[in-house]
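# Residue-level structure breakdown
These are the residues of each chain, in order.
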Amino acid sequence: MIRKVYPVIILSLILVLNMLTPVLAAPGIVELIKPITDIKTVNKNIIISGWAEADTSIEVRVYSRVSQKVEGEEVYNWEEYIQPGKEAGLVVGPTGFFAREVELKNGTNKVVIKAVNPEDEEEIIEGMVTLSSKEEVREAVQNLLNFNFLDIIKEIIK
Amino acid sequence: MNKEKVKNWILIGLVLLSFGLTTQLWLSVPIDKIIPEEQAFSGQDSKEDYDLSSFVLPQYIVVNFGGQSHTKLINDSSNGRVFIEIYQEVSKILEHIFTSEQDIAFSQVQLEEWIAARESKSIEVDYRWAFDLSIFREVFGRGKAREGIPIAGIKGLIVSLGRDGAVYIYDGVKGAVYKSERPYVNASLNRLADRLEERDPVKYWSLREIGYSEDSSFYVPLDMSSFNLPVGTAVKELDTDAQAILDAQASGFFSDMSMVRKITEMSGSFIYTDSQSALLRIDSSGFMEYMVYSYAGGDKNRTDINSAIDAALKFINVHGGMPEQSYLEEIREVIENDYRGHLLKFNYAYNGLPFFRRGDLETSAIEVTVVEGKVVKYTRNIHHITKARIVQKPLLYPVEAADVVAGAIGGASETKSLPVILDMYLGYCIDTEGTKEYRAFPVWHIKTEDRAFIVDAYEGRLVE
């Protein structure tokens, strides 16, 4: 019985530790005003803003997902989307507040924020931001409106 | 008659003919068409009759494409055309409001409704001042405007581009919002907004969207790479070293120059006075100040705001004219020597951006006080950009400019406290240090709860 419990405990610990990893790894150099986890937007430009210690260097980079055919199979890669005319880096001023506008490409984008504080500690925050066109959203809403729930219910109780 | 005599007669005939034709030409074409009137004020607008609608203009137009996507337009070289096109359409709406024979109903609504309207697809027009309704009546009603509009002064308006097509007017005098339902959607404005969105203009953000504060009353850009503002060289409008020009200017203010004394002060200023009616002072920086001693003699029937504007514009026209890109910045009632009058402040812009003078932020380029249809005070301080140099470096981000202000008002604190900013926008500052040529450079004008700051938009230093 005890032998069976051990693997369960070990697996549970692994799971818990795995969940805690990002928290433990982040020394909290940057505090974002709005988290960048799984954002869906129709705006081509988004704001990355937040708080950090003065003189912290912050780099905001955007990677867009591109697909390539490799031996007949579709492979996805991340390609940096160099922001036209914008510098990736900034140094946080004395108030500790920073803000930067980034431009997205249609589809899935990976936003990577790299922060290095004056003590040379580093933090990397990543997030996925999906940019859809207004037409795509309109179409999705239209599809939802056309969806006949009554027919489905009838189908189920038939 | 020999050949020589014939030749002589032909020659005499030709000379007489040329005299006749030349005389005819001089008589038929007015002299002022041939020799333009000399302008002592360099760069002044040569228009003679000023139209009020040229000066009562929005300081900006915000186009909201729907949701958190908006841009701010000023009347500059890059967006001037679309600014004018949009404002023409908005003007049609205002003309309809002021001249329609149908009774257009206005209902007072909560400020929240105004905020909701500006957060959806809309056109927002912001004037520099809550101009009295009678000014709008004059501009958009052309003297035949209808009565019964409950608004006292218009500071801004929003045309909703949604399904209802409502117009919201912000009454800056009463601090109230009025809504007028419109039965149709403005297709032209919608088209202009869509066309502008396709051009992917610079996005502007409210401080709330940026996360700086909860304020969403104004917008700033965060992509400074799109701005290409040159640094210029400015010169005084009046060459104060040229005595003849100064004397000629002074003669325009006094009817009998033989009665006028000229006093030269130690500071280099010149004072012209007839000791009876008026005084004119021109200092070495080119600042001109005219004051009348007696306020009597005005027309008691001309005490209204539009008469004051009319008198001011006519006076400016004769005494220096309007510089290019000038606009009415403020108009308010004042009491001068127990007389009720109006103070009108005009300023001017360089490529759509307003000018500020270092050491003199509160004074406008032209200020006129009118009492009973008579100008009793007139100040003028204008510079012209003569050279412009492109700067190969990005402008300061607004957050960086706010950092400079935070440093100036007590440094950074540990508690994530930021200076409360009520408004911030780009402009040009003229640094009047030096003798003949001054530096004109882009600045951030930041208005906080306590005072206004000017931050050099390239160097990041606090100017004022």
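Moving on, we come to the overall build of chain A. Tallying secondary structure elements over chain A gives three helices and nine strands in all. Out of the 158 residues in chain A, the part that is buried amounts to 20%. In chain A, the share of contacts with a sequence separation of at least 24, taken over all contacts with a separation of at least 6, comes to 68%.

This paragraph deals with the overall build of chain B. Along the backbone of chain B there are 10 helices and 23 strands. In chain B, buried positions account for 36% of the 464 residues. Summarising the internal contacts of chain B: among those between residues at least 6 apart in sequence, 63% fall at separations of at least 24.

This next bit is on the domain arrangement of chain B. Residues and elements named next belong to chain B. Taken domain by domain, chain B holds domain 1 (52-201), domain 2 (238-381) and domain 3 (387-456). Taken together, the contacts link nine residues of domain 2 with 12 residues of domain 3. Broken down by element, the side of domain 2 that touches domain 3 gets its largest block of residues, five residues, from strand β17 (residues 353-357). Within the side of domain 2 that touches domain 3, the residues separate by chemical class into six nonpolar, one polar and two charged.

Its identity as a non-glycine residue notwithstanding, Asn337 of chain B has a phi of 50 degrees, on the positive side. Secondary-structure assignment places Asn337 of chain B in the loop between β15 (326-336) and β16 (339-350).

Think of a sheet as strands paired side by side through backbone hydrogen bonds, with each pair either parallel or antiparallel. Residues and elements named next belong to chain A. Here we have three strands laid out as an open sheet, ordered β1-β3-β7, and antiparallel in their pairing. A single partner strand is all that each edge strand has here, and the edge strands are β1 (30-32) and β7 (97-103). Averaged over all pairs of adjacent strands, the angle between their axes in this sheet comes to 35 degrees, without regard to strand direction. Sheet topology places strand β3 (residues 45-52) next to β7; seven bridges connect them, and they run antiparallel. Within β7, the position partnered with Ile46 by the bridge is Val102.

Moving on, we come to the environment of Leu104 of chain A. All names here are of chain A. Tracing the backbone through its elements, the reader meets Leu104 in the loop between β7 and β8 (107-116). Distance from Leu104 to Asn43, taken between C-alpha atoms, is 8.3 Å for residues 61 residues apart in sequence. For Leu104, the contacting residues outside a window of four places in its chain are Lys44, Ile46, Val62, Asn109, Val129 and Leu131.

Residues and elements named next belong to chain B. Its 20 residues place the ends of helix α3 (residues 80-99) 27 Å apart at the C-alpha level, agreeing with the 28 Å of an ideal helix rising 1.5 Å per residue. Taken together, the buried positions of α3 are occupied by Phe83, Ile86, Val90, Ile93, Leu94, Ile97 and Phe98. End-on, the buried residues of α3 take up no more than an arc of 135 degrees, which puts them together on one face. Of the residues in α3, the exposed ones pointing more than 90 degrees away from the buried face are Arg81 and Gln88.

For the rest of this paragraph, the subject is the environment of Val420 of chain B. All names here are of chain B. Along the polypeptide, Val420 turns up in the loop between α10 (398-408) and β21 (421-431). The sequence separation of Val420 and Glu289 amounts to 131 residues, and the corresponding C-alpha distance is 36 Å. Residues within four places of Val420 in sequence aside, it is in contact with Ser213, Thr448 and Glu449.

On to the nonpolar core. Ile123, Ala312 and Val455 of chain B are the most contacted members of the largest nonpolar core, which totals 135 residues. Each residue touching Val455 of chain B, except ones within four places of it in the same chain, is listed here: Leu396, Ala401, Val404, Val405, Val443, Trp444, Ile446, Gly460, Leu462 and Val463 of chain B.

Another point: the interface of chain B and chain A. Contact with chain B, which involves 23 residues of that partner, is made by 20 residues of chain A. Secondary structure elements with two or more residues in the side of chain B that touches chain A: α7 (207-210) and α10 of chain B. If you tally residues by element for the side of chain B that touches chain A, the top one is α10 of chain B, at six residues. Each residue belonging to the side of chain B that touches chain A can be placed in one class, and the counts come to nine nonpolar, eight polar and six charged.

We now examine the environment of Leu207 of chain B. Residues and elements named next belong to chain B. Mapping Leu207 onto the fold places it in helix α7. The exposure class of Leu207 is buried, given the 23 C-beta atoms found within 10 Å. C-alpha separation for the pair Leu207 and Leu328, spaced 121 residues apart in sequence, amounts to 28 Å. If sequence neighbours within four positions are ignored, Leu207 has contacts with Tyr212, Ser213, Asp215, Ser216 and Ile421.

Residue and element names in this part refer to chain B. Helix length check: helix α9 (residues 305-318) (14 residues) gives 20 Å between terminal C-alpha atoms against 20 Å at 1.5 Å per residue, within 8%. Among all positions in α9, only Ala308, Ile309, Ala311, Ala312, Leu313 and Ile316 are buried. Packed against the buried residues of α9 are β16, β18 (366-371) and β19 (374-380). Gly320 lies just past α9 and shows a positive phi near 115 degrees.

All names here are of chain B. Here strand β12 (residues 270-273) shows one buried face, formed by Phe270 and Tyr272, and one open face, formed by Ile271 and Thr273. Pairing of strand β11 (residues 261-264) with β12 involves four bridges; the strand directions are antiparallel. What sits directly across from Lys262, in β12, is Tyr272. By the bridge criterion, four bridges tie β12 to strand β13 (residues 278-282) in an arrangement that is antiparallel. Paired with Ile271 across the bridge in β13 is Arg281. The antiparallel pairing of β12 with β13 creates a hairpin that spans four residues between the two strands, and Ser275 there sits at a positive phi of about 65 degrees.

Scoring rules and cut-offs
Residue positions are given per chain, counting from 1 as you read along its sequence in written order. Just so you know, chain letters begin at A and ligand numbers begin at 1, following the order they were written in. Local features in a predicted model are, by the rule used here, given only for residues with pLDDT of at least 70; side-chain atom pairs are given and counted only at 80 or more, and totals for whole chains, interfaces and linings are based on all residues. What counts as a helix is a DSSP run of H or I of at least four residues, what counts as a strand is a run of E of at least two, and both are numbered from the N terminus. Counting other C-beta atoms within 10 Å of a residue's C-beta gives its exposure: the residue is buried at 20 or more, exposed at 12 or fewer, and partly exposed in between, where C-beta atoms are placed from the backbone. With C-beta atoms placed from the backbone, a contact is any residue pair whose C-beta atoms sit within 7 Å. Where each domain begins and ends is defined by an automated method or by a domain database. For this classification, the nonpolar set comprises Ala, Val, Leu, Ile, Met, Phe, Trp, Tyr, Cys and Pro, the charged set comprises Asp, Glu, Lys and Arg, and every other residue, Gly included, is treated as polar. Following DSSP output, two strands are said to pair if at least two bridges run between them. An axis is simply a line fitted to the C-alpha atoms; with a helix, the fit covers only the stretch in contact. Between two such axes, the angle follows the N-to-C directions and lies from 0 to 180 degrees. To estimate the expected span of a helix, subtract one from its residue number and multiply by 1.5 Å. Arc definition: it is the arc formed by the directions from the helix axis to the C-beta atoms. When buried Ala, Val, Leu, Ile, Met, Phe, Trp, Tyr and Cys residues are joined through C-beta atoms within 7 Å, the set is termed a nonpolar core.

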